[in-house]
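Structural overview for review
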Amino acid sequence: MNLKKIIVAFFFAVSYNFSFGHEITSPQSTIDSAKIYYDLIAEENYQAYSRPNVIGMIAGGSLTVVGGALVGFGLYAILYNSNDPYENVAGNVLGSLSLLISIPFLGVGIPVLSYNTYKYIVHKGHANKRDEYQAALDRYKLRKRGGASSALQLMIFPELNFIEKRGGVNAVVRF
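Below you will find a few notes about this structure.

As for the pattern of salt bridges
- Across all of its chains, the model carries three salt bridges by this definition.
- Its salt-bridge partner being glutamate 132, residue lysine 129 comes within 4.0 Å of it at the nearest N-O pair. You can see lysine 129 and its partner glutamate 132 sitting in helix H4 (residues 85–145), three residues apart, about one turn around the helix.
- A relative accessible area of 35% means that lysine 129 is categorised as partly exposed.
- Judged by relative accessible area, glutamate 132 falls into the partly exposed class, the value being 48%.

Quick look at the structure:
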């Protein structure tokens, strides 16, 4: 029974190689990784556009600052006591009005500022990822070209080992 399974597996592998093997091993089917890198860089570049978020952060921050200033003025006007009772009434009215006016400024400014700050951080992450892909593409092109064959390449990188609670620096030398 085992021999039957082996023979079936052998013929399956041979028939698969005759059917699709030429696509895997032929030189026309080689995949250039540069195209993959270009696609990844283009996708990350599209998602890294953060100018609207910067404008939104400025607008939301401005509204929040105006609303905070109105709250501060309103609290000062309400809590300030003078000897003149008419001045106290006017301060209370102006303070209450100032606090009332600050609600829309803060109600719009804080969410706009929060959302755009979050989106800016997300877009900045995509920009960092794009830069990493670009650096990887540059390294790939250098390797593909063969680099400077007579050059000595030295790579130094840190090592952190959390299991054994130690760290250090590793160096790799390529000729």
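A closer look at helix H2 (residues 33–47)
- The end-to-end C-alpha distance of H2 is 21 Å, a good match for the 21 Å that 15 residues give at a rise of 1.5 Å each.
- Of the positions making up H2, those classed as buried are Ala34, Tyr37, Ile41 and Glu44. Each buried residue of H2 lies within a common arc of 95° when the element is viewed along its axis, so the set occupies one face. H2 presents Lys35 and Tyr46 as exposed residues on the side facing more than 90 degrees away from its buried surface.
- The elements touched by buried residues of H2 are H4.

Examining the side chain of histidine 123
- In this fold, histidine 123 is placed in helix H4.
- Within polar-contact distance, the side chain of histidine 123 engages the backbone oxygen of glutamine 47 at 2.5 Å.
- The contacts of histidine 123, once residues within four sequence positions are left out, are Gln47, Ala48, Tyr49, Ser50 and Asn53.

Side note on the side chain of threonine 64
- Topologically, threonine 64 is positioned in helix H3 (residues 51–79).
- Of the polar contacts made by the side chain of threonine 64, one reaches the backbone oxygen of glycine 109; its length is 3.3 Å.
- Excluding anything up to four places from it in sequence, threonine 64 contacts Phe105, Leu106, Gly109, Ile110 and Leu113.

A word on a nonpolar patch on the surface
- A contiguous nonpolar surface patch, about 590 Å² in accessible area, is contributed by Phe73, Leu94, Leu97, Leu100, Ile101 and Ile103.
- With five residues, H4 is the largest single contributor of residues to the nonpolar patch.
- By secondary structure assignment, the location of leucine 100 is in helix H4.
- According to the relative accessible area criterion, leucine 100 is exposed, its value standing at 56%.

Examining the nonpolar core
- Core analysis: the largest hydrophobic core is formed by seven residues, namely Ala34, Tyr37, Ile41, Tyr133, Ala136, Leu137 and Tyr140.
- Broken down by secondary-structure element, the contributors of at least two residues to this core are H2 and H4.
- Here this core takes four residues from H4, the largest share from any one element.
- Tyrosine 133 has contacts with Tyr37, Leu40, Ile41 and Glu44, leaving out every residue within four places of it along the chain.

Here is what the cut-offs are and how they apply
Residues numbered from 1 in each chain as written. Predicted model: local features only at pLDDT ≥ 70, side-chain atom pairs only at ≥ 80, totals over all residues. Heavy atoms only, no water. Salt bridge = Lys/Arg side-chain N within 4 Å of Asp/Glu carboxyl O. Helix = DSSP H or I, 4+ residues; strand = E, 2+ residues; numbered from the N terminus. Buried < 20%, exposed > 50% of the residue type's maximum accessible area, 1.4 Å probe, protein only. Expected span 1.5 Å × (residues − 1). Arc of directions from axis to C-beta. Contact = heavy atoms within 4.5 Å. Polar contact = N/O pair within 3.5 Å; in protein donor to acceptor, adjacent residues only side chain to side chain. Patch = residues over 30% accessible without salt bridge, like charges linked within 9 Å, V, L, I, M, F, W, Y side chains within 5 Å. Areas by Shrake-Rupley, 256 points an atom, 1.4 Å probe, with all protein chains shown as cover. Core = buried A, V, L, I, M, F, W, Y, C linked by side-chain atoms within 4.5 Å.

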